[in-house]
Amino acid sequence: MRATAGEQMGLGTEQTERGLAVLVGRLTDVFSKLVTQHLTLARVELMDDARLMGSDVARIAAFVPFVLVGYFFVCGALSALLARWLGWTGALALVGVANLVGGGLGIARAATRLKSFRLMDNTTEELNRSVAVLAQVPAPQPQSAALPQESSHGR
């Protein structure tokens, strides 16, 4: 028994729909895996950045008292030296102004550096790469469902 063209087309449509469902399923799985990997990378990178920043902050906090005590003594000694020429008032004012200028420049530099720090830089790069790859992949061209041509047998 020979199948008609309509039956053949129905069978082809059914196979195409199954193939399409499989492709959509694979696409969903791959996209889900990609998103999961990006989220995992973001979490790991954020934890690593926080750990590094936390250890740096802890080191700074541990040494700040030593720096302050030493700085206090150096300022006192400098003021005592300058007091010979400027008097105590002038010497303390000069040391105070020098500290204000130096501290202001230091804070400005630290603020600029903090603004340039890019948190989660690797995650951003990976996301940009994924978007670029997804944008470059051309969409598959739909195949036309043409009916098979029957031979004319000379008619």
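Coordinates for the structure precede this section.
Residues numbered from 1 in each chain as written. Predicted model: local features only at pLDDT ≥ 70, side-chain atom pairs only at ≥ 80, totals over all residues. Heavy atoms only, no water.

Q: Just give me the short version of the overall build of the protein, but keep the residues and values in it.
A: When helices and strands are counted, the protein shows two helices and zero strands. For the protein, the residues scored as buried account for 8% of the 155 residues in total. For the protein, the share of sequence-separated contacts (at least 6 apart) that also reach a separation of at least 24 residues comes to 66%. Accessible area of the protein: about 13,500 Å², with a carbon and sulfur share of 68%. (Helix = DSSP H or I, 4+ residues; strand = E, 2+ residues; numbered from the N terminus. Buried < 20%, exposed > 50% of the residue type's maximum accessible area, 1.4 Å probe, protein only. Contact = heavy atoms within 4.5 Å. Areas by Shrake-Rupley, 256 points an atom, 1.4 Å probe, with all protein chains shown as cover.)

Q: For the packing of aromatic side chains, give the residues involved together with the corresponding values.
A: Counted under the stated rule, the structure contains two aromatic pairs. For the ring pair Phe-63 and Phe-66, a centre distance of 6.4 Å and an interplane angle of 45° mean the geometry is tilted. One end of the pair, Phe-63, and the other, Phe-66, are both in helix 1 (residues 5–116), three residues apart, so they sit about a helical turn from each other. Looking at Phe-66, the relative accessible area reads 63%, which means it is exposed. Measuring from centroid to centroid gives 5.9 Å for Phe-72 and Phe-73, while their planes differ by 70°, and the two rings are edge-to-face. (Phe/Tyr/Trp six-rings, centres within 6.5 Å; stacked < 30°, edge-to-face > 60°.)

Q: Describe the side chain of His-38, with residues and values.
A: Relative to the helices and strands, His-38 is located in helix 1. The class for His-38 is buried, based on a relative accessible area of 10%. One polar contact links His-38 to Ser-130, side chain to side chain, over a distance of 2.7 Å. Discounting residues that sit within four places of it in the chain, His-38 has contacts with Thr-123, Glu-126, Leu-127 and Ser-130. (Polar contact = N/O pair within 3.5 Å; in protein donor to acceptor, adjacent residues only side chain to side chain.)

Q: Explain the nonpolar core to me, using residue names and the numbers behind them.
A: One finds Cys-75, Leu-82, Ala-83, Ala-91 and Val-95 forming the largest nonpolar core, which totals five residues. Residues in contact with Val-95, not counting those within four places in the same chain, are Cys-75, Leu-78, Ser-79 and Leu-82. (Core = buried A, V, L, I, M, F, W, Y, C linked by side-chain atoms within 4.5 Å.)

Q: Quick one: what's the story with the pattern of salt bridges, residue by residue and with numbers?
A: Evaluation of the coordinates by the stated rule reveals three salt bridges. Between Asp-56 and Arg-59 there is a salt bridge, with the nearest N and O atoms lying 3.3 Å from each other. Placement of both Asp-56 and Arg-59 in helix 1 is noted, with a separation of three residues, approximately one turn of the helix. Residue Asp-56 is classed as partly exposed on the basis of its relative accessible area of 41%. Residue classification places Arg-59 among the exposed residues on the basis of a relative accessible area of 52%. (Salt bridge = Lys/Arg side-chain N within 4 Å of Asp/Glu carboxyl O.)

Q: Can you lay out a nonpolar patch on the surface for me, pointing to particular residues and giving the numbers?
A: A cluster of nonpolar side chains, namely Leu-78, Leu-81, Trp-85, Leu-86 and Leu-94, defines an oily patch on the protein surface of about 520 Å² accessible area. The residue Trp-85 is located in helix 1 in this model. Assessed through its relative accessible area of 62%, Trp-85 is described here as exposed. (Patch = residues over 30% accessible without salt bridge, like charges linked within 9 Å, V, L, I, M, F, W, Y side chains within 5 Å.)

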